Number of protein chains: 2
Amino acid sequence: MVTLSNRCTRSLNLRHPIVSAPMAFAGGGALAAAVSRAGGLGLIGGGYGDPAWIEEQFAAAGNARIGIGFITWSLRKSPSLLADALKHRPAAVMLSFGDPRPFAGEIRSAGAKLICQCQNMEHVEDALDVEADVVIAQGAEAGGHGALRGTLSFVPEAANFLARHAPDTLLLAAGGIADGRGLAAALMLGADGVLVGTRLWAAQEALVKERHHQAIVETNGDGTLRTRVADIARQIPWPRGFTARIRRNAFTDRWHGREEQLEQNLAVEGPRYRQAFAEGDPDNTGVWFGEAAGLIEAIEPAALIVERMAAEAAQQLARHGGAALA
Amino acid sequence: MVTLSNRCTRSLNLRHPIVSAPMAFAGGGALAAAVSRAGGLGLIGGGYGDPAWIEEQFAAAGNARIGIGFITWSLRKSPSLLADALKHRPAAVMLSFGDPRPFAGEIRSAGAKLICQCQNMEHVEDALDVEADVVIAQGAEAGGHGALRGTLSFVPEAANFLARHAPDTLLLAAGGIADGRGLAAALMLGADGVLVGTRLWAAQEALVKERHHQAIVETNGDGTLRTRVADIARQIPWPRGFTARIRRNAFTDRWHGREEQLEQNLAVEGPRYRQAFAEGDPDNTGVWFGEAAGLIEAIEPAALIVERMAAEAAQQLARHGGAALA
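All residue numbers refer to position in the chain's written sequence, counted from 1. A letter from A marks each chain and a number from 1 marks each ligand, given out in the order of writing. For this predicted model, a pLDDT threshold of at least 70 governs which residues receive local features, and a threshold of 80 or more governs which side-chain atom pairs are given and counted, while totals over whole chains, interfaces and linings are taken from all residues. Side-chain figures throughout are based on the complete set of non-hydrogen atoms in the structure, without hydrogens or water.

Peer 1: Could you give an account of the nonpolar core, naming the residues involved and the relevant values?
Peer 2: Of all hydrophobic cores here, the largest spans 222 residues; its most connected members are A:Phe70, A:Leu200, B:Phe70 and B:Leu200. Excluding residues within four positions of it along the chain, A:Leu200 makes contact with A:Ser20, A:Met23, A:Leu31, A:Val35, A:Ala206, A:Ala302, A:Ile305 and A:Val306. Among the buried residues, those of types Ala, Val, Leu, Ile, Met, Phe, Trp, Tyr and Cys that are joined through side-chain atoms within 4.5 Å form a nonpolar core. For every residue, the accessible area obtained with a 1.4 Å probe (protein chains only) is divided by the maximum for its type, and the residue is called buried under 20%, exposed over 50%, and partly exposed between those limits. Contact criterion: two residues are considered in contact whenever any of their non-hydrogen atoms come within 4.5 Å of each other.

Right, dumping it as structure tokens:
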């Protein structure tokens, strides 16, 4: 039998070394629960601080063993969200995009695994400072927020750093991973597992409008870009250095490279963006997926996605490993 | 015995599925010959059209079985370079950054393998139109010129496309690959082999000044950026859409984001750039390497780099393949 059992599955008590990205708005309790029940670890997307929404998502997850992820700079504005989430006894809490120091102790004290997502080597050092249980090296291919390192070179560099300074810390790869080939590649690069966003955004359980789901099926991997325009239109004050990868569409064609003009037109463009998003318009708002769009041909149940990814990765490893031994 | 023998090594008559990037200025005949003699395929960097330099590099390669690569849009300005190169009976000719159609027939008629490097899916379609023998999917991690797709998602998407439309065409991965882990990952993603630039730029045989070599050893993978400023300073008219990944240094800190001002100061800044480059100054000129810098700790002979990469990849595949089969 092919299997991907490793120190990641043992430490996090999983069948597959696959964690779902805590995608704001899209990553609700149903998706997290489906990923966990399929043998991965599902994370609710803590988003920008709506406590009622988070409670609903924990309820939607039922008794599944899940975790939650927060946008660290945003959590600093509403730190009570963390205490509220910890009451649900999440298996893990992920912090990304900001200094993890203010929250690490509270997470650890609650008995949750501390996962720190990193976009560059400086972030990896921050994660080791707070003794993260899991470090994620997220490459620029990823959908939604991220930065500029590419997954393929960032992961082995992070692996080298962990091997020297914190050999017991787990490493996950994120950014561009949508199938068993990506998972197998991540393991080759020195990761212990993967964080999957875009491929699970395209799961039936994701909280994504139907026309946005249709758009990812129709878009190839060239059809996204990293930009600030969605955050400007939404008036969400992301720190410089982070951009969002979204679908290239009429909205981005109009405003990317014209950020100052967009700022000047927010009275009109802000409501227009939000209305188009609420309506599931794929052309006039941010459509939040990454380069892995080119590997996605159908909207499928999360369990199928997770189980196929693990099985394909194990087969790919066994086939090539066998050939290398021949 | 572990081995990476596959259809790439058989088709190109190699021991290892490793091709050296034809790096302008840095990739001369000595480097190409060393890579080929170690079992890979070395490519001279055809650069921007200096016929005497190219002749010198073919001479420096001696009787090694090598190839050459051209910057396609630049070759259109000096098409006789191709005929001159083909007189040396190169094993392969690589075209990158432009329409391959004007040159494909001449290359094939000369009996050389046609390699087309691609930066997005549209380029892959162009490569199949000219029936390329080898397609390279180059990700944004790469040093020097490239575009925006990340290697990790671009390679499997290109592999899917080739499987459907040209299953006999070989696929190489490029961008961020500097060791056996990267090679093993590329094979997992569906590539038949890899193109290696930055790691071989840091080879003893590369035509690189000592202080530039020292800079790559000291720089981690966060220390590069994609920018137009080197091409502006050198007054080389690269088509829009392509940028160069170079070391982040005083030169890029000063001008990146201030491209118009640099254009206005070319009378001073152009000669300053070129003089600093000629002197091997690591701070005031373009220093041409990619994100794989974070994986490079020493300047070593090319043969050692190629042989270690192949051996490590085979070991990595065998170990993980064996674990998956356990």
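Peer 1: Which residues make up the pairing of strand S10 (residues 224-227) of chain B, and what values go with them?
Peer 2: Residue and element names in this part refer to chain B. Each helix is a run of H or I in the DSSP string that is no shorter than four residues. Each strand is a run of E no shorter than two, and both are numbered from the N terminus. Of the two faces of S10, the one holding Thr 224 and Arg 226 and the one holding Leu 225 and Thr 227 are both buried throughout. Two elements, S10 and strand S11 (residues 243-247), share four bridges in a ladder whose sense is antiparallel. Bridge pairing in S11 links Leu 225 to Ile 246. A pair of strands is labelled paired if DSSP reports no fewer than 2 bridges between them.

Peer 1: Describe the packing of aromatic side chains, and please don't skip the residues or the numbers.
Peer 2: Centres within 6.5 Å are what make two rings of Phe, Tyr or Trp a pair, Trp counting through its six-membered ring; a difference in plane orientation under 30 degrees is then read as stacked, over 60 as edge-to-face, and the rest as tilted. Enumeration according to the criterion identifies 22 aromatic pairs over all chains in this entry. Pairing B:Trp201 with B:Phe289 gives two aromatic rings, centres 5.4 Å apart and planes at 65 degrees, and the pair type is edge-to-face. Within this pair, whereas B:Trp201 is found in helix H10 (residues 198-201), its partner B:Phe289 is found in the loop between helix H15 (266-279) and helix H16 (302-325), the two being separated by 88 residues in sequence. Accessibility classification places B:Trp201 together with B:Phe289 in one group, the buried group. One aromatic cluster in this structure is built from A:Phe25, A:Tyr48, A:Trp73, A:Phe97, A:Trp238, A:Phe242, A:Phe251, A:Tyr273 and A:Phe277.

Peer 1: How would you summarise the sheet that holds strand S10 (residues 224-227) of chain A if you had to cite specific residues and measurements?
Peer 2: Hydrogen bonds along the backbone pair up the strands of a sheet, which may run parallel or antiparallel. Residues and elements named next belong to chain A. The strand order across the open sheet built from three strands is S7-S11-S10, with neighbouring strands paired in antiparallel fashion. Taken across any chain shown, the strands that pair with only one partner, and hence form the sheet edges, are strand S7 (144-146) and S10. Sheet twist, expressed as the average angle between the axes of neighbouring strands with direction ignored, equals 30 degrees. With three bridges connecting them, S7 and strand S11 (residues 243-247) associate as antiparallel partners. Orientation is described by lines fitted to C-alpha atoms, with helices fitted over the stretch in contact, and by angles between N-to-C directions that extend from 0 to 180 degrees.

Peer 1: Describe the relation of the copies chain A and chain B, with residues and values.
Peer 2: Each copy is superposed on the other by least squares, with the fit set by C-alpha atoms of residues at a pLDDT of at least 70 in both. The transform that puts chain A on chain B rotates by 180 degrees and translates by 0.0 Å along the axis, for an RMSD of 0.0 Å. Interpreted geometrically, this transformation is the action of a two-fold axis. Mapped onto chain B, 100% of the interface residues of chain A are again interface residues, and the two copies thus contact each other with one and the same surface.

Peer 1: Can you explain the side chain of A:Thr219? Please cite residues and give values.
Peer 2: Residue and element names in this part refer to chain A. Locating Thr 219 in the fold gives a position in the loop between helix H11 (210-218) and S10. We classify Thr 219 as buried; its relative accessible area is 10%. Any pair of N or O atoms that falls within 3.5 Å is considered a polar contact. Within protein, one atom must be able to donate a hydrogen and the other to accept it, and sequence-neighbouring residues count only if both atoms are side-chain atoms. Reaching out from Thr 219, the side chain makes a polar contact with the backbone oxygen of Ala 215 at a distance of 2.6 Å. Those residues in contact with Thr 219, other than ones at most four positions away along the chain, are Arg 247, Phe 289, Ala 293 and Gly 294.

Peer 1: Please provide a residue-by-residue account of the pattern of salt bridges, values included.
Peer 2: Each reported salt bridge corresponds to a side-chain nitrogen of Lys or Arg within 4 Å of a carboxyl oxygen of Asp or Glu. A complete count under the given rule lists 34 salt bridges over all chains for this structure. B:Asp84 is the partner of B:Lys87 in a salt bridge, and the nearest nitrogen-oxygen pair spans 3.5 Å. Exposure remark for B:Lys87: the relative accessible area of 65% places this residue in the exposed category. When its relative accessible area of 26% is taken as the criterion, B:Asp84 is described as partly exposed. Of the charged contacts in the structure, one is a salt bridge between B:Arg272 and B:Glu269, with a shortest N-O distance of 3.1 Å. Remark: B:Glu269 and B:Arg272 occur in helix H15; sequence separation between them is three residues, near one turn of the helix. The buried category is assigned to B:Glu269, whose relative accessible area is 6%. Salt bridges here are not isolated pairs; linked through shared partners, they connect A:Arg149, A:Glu157, B:Asp222, B:Arg245 and B:Glu291.

Peer 1: Now, about empty space enclosed by the protein: what can you tell me, with residues and values included?
Peer 2: Residues and elements named next belong to chain B. A pocket here means an open set of points on a 1 Å grid, computed over the protein atoms alone, that has protein on both sides within 12 Å along at least five of seven lines. A cavity is instead a set of points where a 1.4 Å probe fits but cannot get out; residues with an atom within 4 Å of a point line either one. Grid points are joined across faces, edges and corners, and a volume is the space filled by probe spheres set on the points. Under the definition given, this model contains one cavity of 30 Å³ or more. Considering only enclosed or pocket space, the largest cavity measures out at about 40 Å³ in volume. Counting only elements with at least two residues in the lining of the largest cavity, the list comes to helix H3 (51-60) and helix H5 (80-86). The class makeup of the residues in the lining of the largest cavity is four nonpolar, no polar and two charged. Under the convention adopted here, Pro, Cys and the residues Ala, Val, Leu, Ile, Met, Phe, Trp and Tyr are nonpolar, Asp, Glu, Lys and Arg are charged, and Gly plus all remaining residues are polar.

Peer 1: How would you sum up the environment of B:Arg272? Please name residues and give values.
Peer 2: Residue and element names in this part refer to chain B. Under the relative-accessibility criterion, Arg 272 is labelled partly exposed at 42%. Taking the C-alpha atoms as reference points, Arg 272 and Arg 247, separated by 25 residues in sequence, lie 17 Å from one another. Not counting residues up to four positions away in its chain, the partners in contact with Arg 272 are Arg 254 and Asn 284.

Peer 1: Explain the domain arrangement of chain A residue by residue, including any values.
Peer 2: Put simply, an interface is often sized by how much accessible area is lost when its parts join up. All names here are of chain A. Taken domain by domain, chain A holds domain 1 (7-206 + 300-318) and domain 2 (210-291). Each partner contributes to the roughly 1,800 Å² buried at the junction of domain 1 and domain 2, and carbon and sulfur atoms together form 66% of this total. Note: buried area is the sum, over both parts, of the accessible area (probe 1.4 Å) each one loses when the two are combined. Its largest share of buried area at the contact with domain 2, domain 1 owes to Trp 73, His 145 and Trp 201, together 37% of the area lost on that side. Inspection of the region where domain 1 meets domain 2 yields zero salt bridges. If you look at where domain 1 meets domain 2, you find 16 residue pairs in polar contact (both at pLDDT 80 or more). When contributions to the side of domain 1 that touches domain 2 are tallied by element, the ones reaching two or more residues are S7 and helix H10 (198-201). Broken down by element, the residue count for the side of domain 1 that touches domain 2 peaks at three residues, all from S7. Of the residues contributing to the side of domain 1 that touches domain 2, the split by class is 12 nonpolar, seven polar and two charged. An automatic or database domain assignment provides the domain bounds reported here.

Peer 1: Please set out helix H9 (residues 180-188) of chain B residue by residue, giving values where relevant.
Peer 2: Residues and elements named next belong to chain B. With respect to burial, H9 is a largely interior element, nine of its nine residues being buried. Taken together, the buried positions of H9 are Gly 180, Arg 181, Gly 182, Leu 183, Ala 184, Ala 185, Ala 186, Leu 187 and Met 188. Within two residues after H9, Gly 190 carries a phi angle of roughly 110 degrees, on the positive side.

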